Amino acid sequence: MKYGKYLIISAFLLFTLFPVFWMLKISLTPDRLLFSEGVVMWPSRVTFDHYYAVLVEGSFPDYFLNSFIVSATTAILVTIIASLAGYALSRFQFKGKVALITVLLITQMFPIVMVIAPIYNVLTMINLVDSLTGLILVYTAFNLPFACFLMQTFFDGTPVELEEAAMIDGCSRLEALEKITLPLCLPGIGATLGFVFTAAWSELLFALMFINRQSQMTFPAGIMNFVTKFSVDWGQMAAAMILALIPVCIFFAYIQKFIVQGLTAGALKG
Amino acid sequence: MTKFLTPWYYLAPTILFIFLLVLVPLITGVSYAFYDFDLISGTRDFVGLDQFFRLLQDDKIFSMSLINTLFWTAASLFFQFTFGLMLALILNHGFRGIRLIQPVLFVPWAVPSFLIGLMWVWMFNPVTGPLPYLFEGLGLMEKPENLLSDPDHAMWGPIIANVWFGIPFFAIMLLAARRTIPNEIYEAASIDGVSGLDAFRHITLPLMAPTILITLLVRAIWIANFAEIIIVMTNGGPANSTQIVATYIYDTAYQKMDFGYASVLSIALLILLMIYGLILGRIRRKMTTFL
């Protein structure tokens, strides 16, 4: 039983990492060996040319920075707004709640490709086409519905009693939310942050349609530069992808402490 | 009066965002269904319900893509959820090196979907990837061939890629849900002699149920709408065997430039997903304070 756990984790690691390993291999393979060597686990010669091209010759450091700004801002913005909304959905019974939840759900059901042109028009109206701010606002809007539901389920899971006690002791509702309930919901907040960050980090369609200037591009849109009309620069693309995974790993390493903490702190004792 | 308004203060920012950037565009998108777009002149003519009749009367690709959507969504969801739950419970249990391994296991969720598609195209191709040789070794194939060019099994290619991508989502959400269950409940239960599988069935599952249901609901909707991986890997082929409604919509809008009919298809998909949402919403309402 003890070893079974490690066996399963190893299987998960293998499944998760093997395709990434394969991309790493491609990123290190010299272009002329890419197709000539056949399917091998490791190329006969290794090169860092692709990484050099991505990091030094291209604009990828800019793309990464843009992506990081957009993803982090979106994640924080969505988590704050969704915490408020999730709290209202969890703690209040009110008229129009059913309608609101239905609308939030329906927004998730319509294909993105059909709303790109109309959103473009809205962004033009508020003069935010081709800007990171516009992208952040669109990502925030599209990530909100699920984040609201998520925060609602986490609020549902925390006891109302502690909050009520704090309000009797003179806290306002907002203070009670901030001081009592939010800390109890840390795993949920961590999960929401992680979810929104990665969703924004990897989004391509909006980024491609709403951003034209090179200097404002996010990394997924920038990576499309490697796909020209005639060929795909596999080595550089793989190198860019491998590099893009590093900030995400760091981000998850950082937020995992929120996810893991939870009620283990013993807030309900005594 | 303030009491009546209180929840709306909390909801106001959300409503503002959703209304301006999602709802207004969505209604515009729906309105396309009543117009016939003419590419050459750049104009559009109001045609009423004509394009809806076209869908109902003679669209064989639609009915085919509908069945494919069902298979794509059900298979992807089943494996993502099962493995995601398994991973969440193991991560919750903890093991040596978890702090290093856990972020690595979440990595697929952060890879842009078109890159996931390209990555797996390489994996499945006998010229560039190891999988055909693995399948041959396992006796699943007689000789190393590309799974993606076999009309009978091609759908499994994008499904495997989608499962790879989606496991972390369920793992994170379910781990967070599991983490909000106070340990005291398990301690009390174990005093009463309830532990192991019984504790899982009577404590863990019911308390995680709200999160499980909402993730299943939203995830199914996303997967049904998730076209990128398939577009990159097979573009709906061979012989429409991997054509789902979402890829068909994309094809109609951006290849054939027929935004009117693409909108009709989107509305059809929307209605089907609403029915699914309604059923799951009912189940959830029985279990929680959802509505």
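Residues numbered from 1 in each chain as written. Chains lettered and ligands numbered in written order. Predicted model: local features only at pLDDT ≥ 70, side-chain atom pairs only at ≥ 80, totals over all residues. Heavy atoms only, no water.

Novice: Tell me about the overall build of chain A, and name the residues and values.
Specialist: Assigned secondary structure in chain A consists of 12 helices and zero strands. Reading chain A from its N terminus to its C terminus gives the helix and strand order α-α-α-α-α-α-α-α-α-α-α-α. If you line up chain A on its principal axes, its C-alpha atoms span 75 × 60 × 30 Å. Looking at chain A residue by residue over its 270 residues, the buried ones come to 55%. Within chain A, counting contacts between residues at least 6 apart in sequence, those at least 24 apart form 71% of the total. In the structure as shown, chain A presents an accessible area of about 11500 Å², 67% of it carried by carbon and sulfur atoms. The distance from the centre of the 14 positive side-chain charges to the centre of the 15 negative ones in chain A is 6 Å. (Helix = DSSP H or I, 4+ residues; strand = E, 2+ residues; numbered from the N terminus. Buried < 20%, exposed > 50% of the residue type's maximum accessible area, 1.4 Å probe, protein only. Contact = heavy atoms within 4.5 Å. Areas by Shrake-Rupley, 256 points an atom, 1.4 Å probe, with all protein chains shown as cover. Lys, Arg positive; Asp, Glu negative; His and termini not counted. Charge placed at Lys NZ, Arg CZ, Asp CG, Glu CD.)

Novice: Before we move on, could you go through helix 7 (residues 156-179) of chain B and cite the residues and values that matter?
Specialist: Residues and elements named next belong to chain B. In a regular helix each residue adds 1.5 Å, so 24 residues correspond to 34 Å; helix 7 covers 33 Å between its end C-alpha atoms and thus fits that length. Of all the bends found along helix 7, the most pronounced is centred on Phe165 and spans about 30 degrees, while Pro168, a proline, follows it within four residues. Most of helix 7 sits inside the fold, with 22 of its 24 residues counted as buried. (Expected span 1.5 Å × (residues − 1). Bend = angle between axes of the 7 residues up to and from the residue.)

Novice: Outline the environment of A:Phe110, listing residues and values.
Specialist: By the element assignment, A:Phe110 lies in the loop between helix 4 (97-106) and helix 5 (116-125). The spacing of A:Phe110 and A:Leu243 is 133 residues in sequence and 33 Å in space, taken between C-alpha atoms. If sequence neighbours within four positions are ignored, A:Phe110 has contacts with A:Val115, B:Leu26, B:Gly29, B:Val30, B:Asn225, B:Ser266, B:Ile267 and B:Leu270.

Novice: Before we move on, could you go through helix 2 (residues 49-57) of chain A and cite the residues and values that matter?
Specialist: All names here are of chain A. Those residues of helix 2 not exposed but buried are His50, Tyr51, Ala53 and Val54. Buried residues of helix 2, seen end-on, are gathered within an arc of 160 degrees and therefore sit on one face of the element. The exposed set on the far side of helix 2, more than 90 degrees from its buried face, consists of Asp49, Val56 and Glu57. (Arc of directions from axis to C-beta.)

Novice: How would you explain the side chain of A:Thr16 if you had to name every residue and give the values?
Specialist: Mapped onto the secondary structure, A:Thr16 falls in helix 1 (residues 2-28). Judged by relative accessible area, which is 6%, A:Thr16 ranks as buried. When near neighbours in sequence (up to four residues on either side) are disregarded, A:Thr16 contacts B:Val104, B:Leu105, B:Pro108 and B:Trp164.

Novice: I'd like a description of unusual backbone geometry, backed by residues and values.
Specialist: That bond from B:Gly237 to B:Pro238 is cis: its omega, -10 degrees, falls within 30 degrees of zero. Residue A:Asp130 is not a glycine yet carries a positive backbone phi of 65 degrees. Assignment of secondary structure puts A:Asp130 in the loop between helix 5 and helix 6 (132-157). The phi dihedral of B:Met257 falls on the positive side, at around 55 degrees, and the residue is not glycine. Position of B:Met257 among the secondary structure elements: in the loop between helix 11 (245-255) and helix 12 (259-287). On the accessibility criterion, B:Met257 (31% relative accessible area) is partly exposed.

Novice: Report on the packing of helix 8 (residues 173-184) of chain A against helix 9 (residues 186-202) of chain A, specifying residues and quantitative values.
Specialist: Residue and element names in this part refer to chain A. Here helix 8 crosses helix 9 at 70 degrees, and the two axes come no closer than 5 Å. By the angle between their directions, the pair helix 8 and helix 9 is classed as roughly perpendicular. Note on element contacts: helix 9 touches helix 8 through Leu186, Pro187 and Ile189, opposite Leu182, Pro183 and Leu184. Tallied by class, residues from the contact of helix 8 with helix 9 come to six nonpolar, no polar and no charged. (Axes fitted to C-alpha atoms, helices over the stretch in contact; angles between N-to-C directions. Parallel < 35°, antiparallel > 145°, perpendicular 65-115°, else oblique. Nonpolar A, V, L, I, M, F, W, Y, C, P; charged D, E, K, R; others polar.)

Novice: Account for the interface of chain B and chain A, naming residues and giving values.
Specialist: By a widely used convention, the size of an interface equals the accessible area lost when the partners come together. Residue-level contacts link 98 residues of chain B with 100 residues of chain A. In total, about 8900 Å² of surface goes out of reach between chain B and chain A, with carbon and sulfur atoms giving 82% of it. Between chain B and chain A we count zero salt bridges in total. The interface formed by chain B and chain A includes nine residue pairs in polar contact (both at pLDDT 80 or more). No other element matches helix 1 (residues 2-31) of chain B, which puts 19 residues into the side of chain B that touches chain A. (Buried area = accessible area lost by both parts, 1.4 Å probe. Salt bridge = Lys/Arg side-chain N within 4 Å of Asp/Glu carboxyl O. Polar contact = N/O pair within 3.5 Å; in protein donor to acceptor, adjacent residues only side chain to side chain.)

Novice: Run through the domain arrangement of chain A, naming residues and quoting values.
Specialist: Residue and element names in this part refer to chain A. As assigned here, chain A comprises domain 1 (1-47) and domain 2 (52-265). If you average the C-alpha positions of domain 1 and of domain 2, the two centres end up 30 Å apart. Facing the seven residues of domain 1 at the interface are seven residues of domain 2. Surface buried jointly by domain 1 and domain 2 totals about 590 Å² across both partners, of which 85% is contributed by carbon and sulfur atoms. When the buried area of domain 1 at its contact with domain 2 is split by residue, Val20, Met23 and Ser27 rank highest and sum to 57% of it. The tally of links from domain 1 across to domain 2 stands at zero salt bridges. (Domains from an automatic or database assignment.)

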